[in-house]
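These are the residues of each chain, in order.
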Amino acid sequence: MMQAKKVALLGLGTVGSGVLQILINNQAKIVQNAGCQLVPVKALVRNPAKHKEAARQIKLVTDFDEILHDPEIELVVEVMGGLHPAKEFISQLLQAKKSVITANKDLIASCGPELVKLAEENQVALRYEASVAGGIPILNALTHGFAGDEITQVAGIVNGTTNYILTQMSQQHMSFASALEQAQKLGFAEADPTNDVTGKDAAFKMVILSKFAFGTDIKVTDFHYEGIQKLQSFDVEQAAQLGYTIKLLGISRKIGAQLFVEVAPALVPANSQLAQVDNEYNAVAVQSEAAGTSLFYGPGAGSLPTANSVVSDLIAASRTQQPFNLYNCQLSLAAPSSVIDPYYVSMIVPVTTAPAIVSLLAQHQIKAADVQAVDDQAGHHLVIQTEPVAQQSLVNFKQAAEQVGAQVTTYRILAE
Ligand code: HSE
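Read on for a plain summary of the structure.

Definitions and limits used
- Residues numbered from 1 in each chain as written.
- Predicted model: local features only at pLDDT ≥ 70, side-chain atom pairs only at ≥ 80, totals over all residues.
- Heavy atoms only, no water.
- Helix = DSSP H or I, 4+ residues; strand = E, 2+ residues; numbered from the N terminus.
- Buried < 20%, exposed > 50% of the residue type's maximum accessible area, 1.4 Å probe, protein only.
- Pairing = 2+ DSSP bridges.
- Contact = heavy atoms within 4.5 Å.
- Axes fitted to C-alpha atoms, helices over the stretch in contact; angles between N-to-C directions.
- Phe/Tyr/Trp six-rings, centres within 6.5 Å; stacked < 30°, edge-to-face > 60°.
- Lys, Arg positive; Asp, Glu negative; His and termini not counted.
- Salt bridge = Lys/Arg side-chain N within 4 Å of Asp/Glu carboxyl O.

Considerations on the environment of Ala 55
- For Ala 55, the position within the fold is in the loop between β2 (37–44) and β3 (59–61).
- Relative accessible area serves as the criterion here: at 42%, Ala 55 is assigned to the partly exposed category.
- Residues Ala 55 and Val 263, 208 residues apart in the sequence, show an inter-C-alpha distance of 41 Å.

Considering the sheet that holds strand β5 (residues 99–102)
- The strand order across the open sheet formed by six strands is β3-β2-β1-β4-β5-β6, and the pairing between neighbours is parallel. Pairing within the sheet leaves two strands with one partner each, and these edge strands are β3 and β6 (126–127).
- Examined bridge by bridge, strand β4 (residues 73–78) and β5 share four bridges and lie parallel to one another. Bridge pairing in β5 links Val 76 to Val 100.
- Lying over the sheet, helix α4 (residues 86–95) contacts β1 (4–10), β2, β4, β5 and β6, oriented at roughly 150° with respect to β5.

Structural notes on the packing of aromatic side chains
- Here the structure, examined in full by the defined rule, presents eight aromatic pairs.
- On the numbers, 5.0 Å between centres and 85° between planes, the contact of Tyr 128 with Phe 324 is edge-to-face. Separated by 196 residues along the polypeptide, Tyr 128 in the loop between β6 and α6 (138–145) and Phe 324 in the loop between α12 (303–319) and β13 (332–333) bring together distant segments of the chain.
- A relative accessible area of 6% means that Tyr 128 is categorised as buried.
- Exposure remark for Phe 324: the relative accessible area of 5% places this residue in the buried category.
- An aromatic cluster is present here, built from Tyr 128, Phe 212 and Phe 324 joined pairwise through their rings.

Some thoughts on the side chain of Asp 106
- Mapping Asp 106 onto the fold places it in helix α5 (residues 105–121).
- As a buried residue without a salt bridge, Asp 106 has its nearest oppositely charged side chain in Lys 105, at a separation of 5.1 Å.
- Setting aside its immediate chain neighbours within four residues, Asp 106 contacts Leu 83, Asn 195 and Phe 204.

Here's the deal with unusual backbone geometry
- Here the bond from His 84 into Pro 85 is cis, since omega is 10°, no more than 30 degrees from zero.
- Here Pro 85 shows up in the loop between β4 and α4.
- For Lys 97, which is not glycine, the phi torsion reads 65° and is therefore positive.
- Along the chain, the position of Lys 97 falls in the loop between α4 and β5.
- For Gln 123, which is not glycine, the phi torsion reads 55° and is therefore positive.
- Mapping Gln 123 onto the fold places it in the loop between α5 and β6.

These figures come from the coordinates and say nothing about function on their own.
Structural data, given as structure tokens:
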């Protein structure tokens, strides 16, 4: 008789209900790939009355102990999100020798090494493909597909909500508030979308990507991240006139023996593949010494795409307890003086200080590849596209320019 492994779910929201649906609908294929049946038996929910439909397919429980102390449950999917009590639940499950699959980027980015150690000590699996870029199997691609190649950079769009908002604002002229509301309705945004719009969600994902690409453990407090709240339509339009599209980009780049990581709006050429990534779609461009540039594109959020990554992990965990990532290489963080890129610099300057700004650019070794002057109701704008320059020079210039009354916005320009 075919062996069956019992699966429990912690949470039955957007992703959890997708997982249940795939496990039930795709049983025949799952059996072949897992080598056993994966049977969803219990789901932990707060309010069973909200899940009447699912109650026909799975037993709803409100007490975590009913899952923790059920000896028949071998695999548990955590899709509740948030740090607590997810961390405590996962720790207890691993100690009870149950394998855990999670989509929780906040938790893996904050406590990943500790939980990975716990899984190894208890000889069970801990996998989290769905924590980065939803339905794109980017972590599996990095850990298996680039297992022997030297990666030099991973850069891309790793938050579906902000990409959806930027797309709707630029293509449908929707307001920020309406686009965010729509992203929430479609199930892309976090329950509290603050982390989406402030760039923190993308920063969590860059922490995880950095571990898989470079073997290095970092935290979100180790690098600069910002979201799209300060992005001005003036800059979106100017960037378009210069032939660029602004995207919220995560970058993790190896510079010598150091690592540079950042999440911020950045300009990509309008005809590049990253510029074509719209709505909730994500894309991660991997640069590596042997393979060159490889682009991974797909849905970055949403119920079934994210559930697909969870179910793939479930199938893998039913076969092996091997650590999800085996690569360790502790790089130090790069100094801003060694991070070199071209920049888009947008300034509102009092007309009388324009000559002072020009000499400040020269003082900080910033060479302009293009300069535009634009006057509108906000004032006199200078829009500069720079030659590649060290981030430190740009930071120093910005401080000096602000001291003489300029309002300065800078965005990295990333050629693919
Ligand atoms: N809120 C996240 C996003 C969900 O928009 O990308 C997927 O991690």
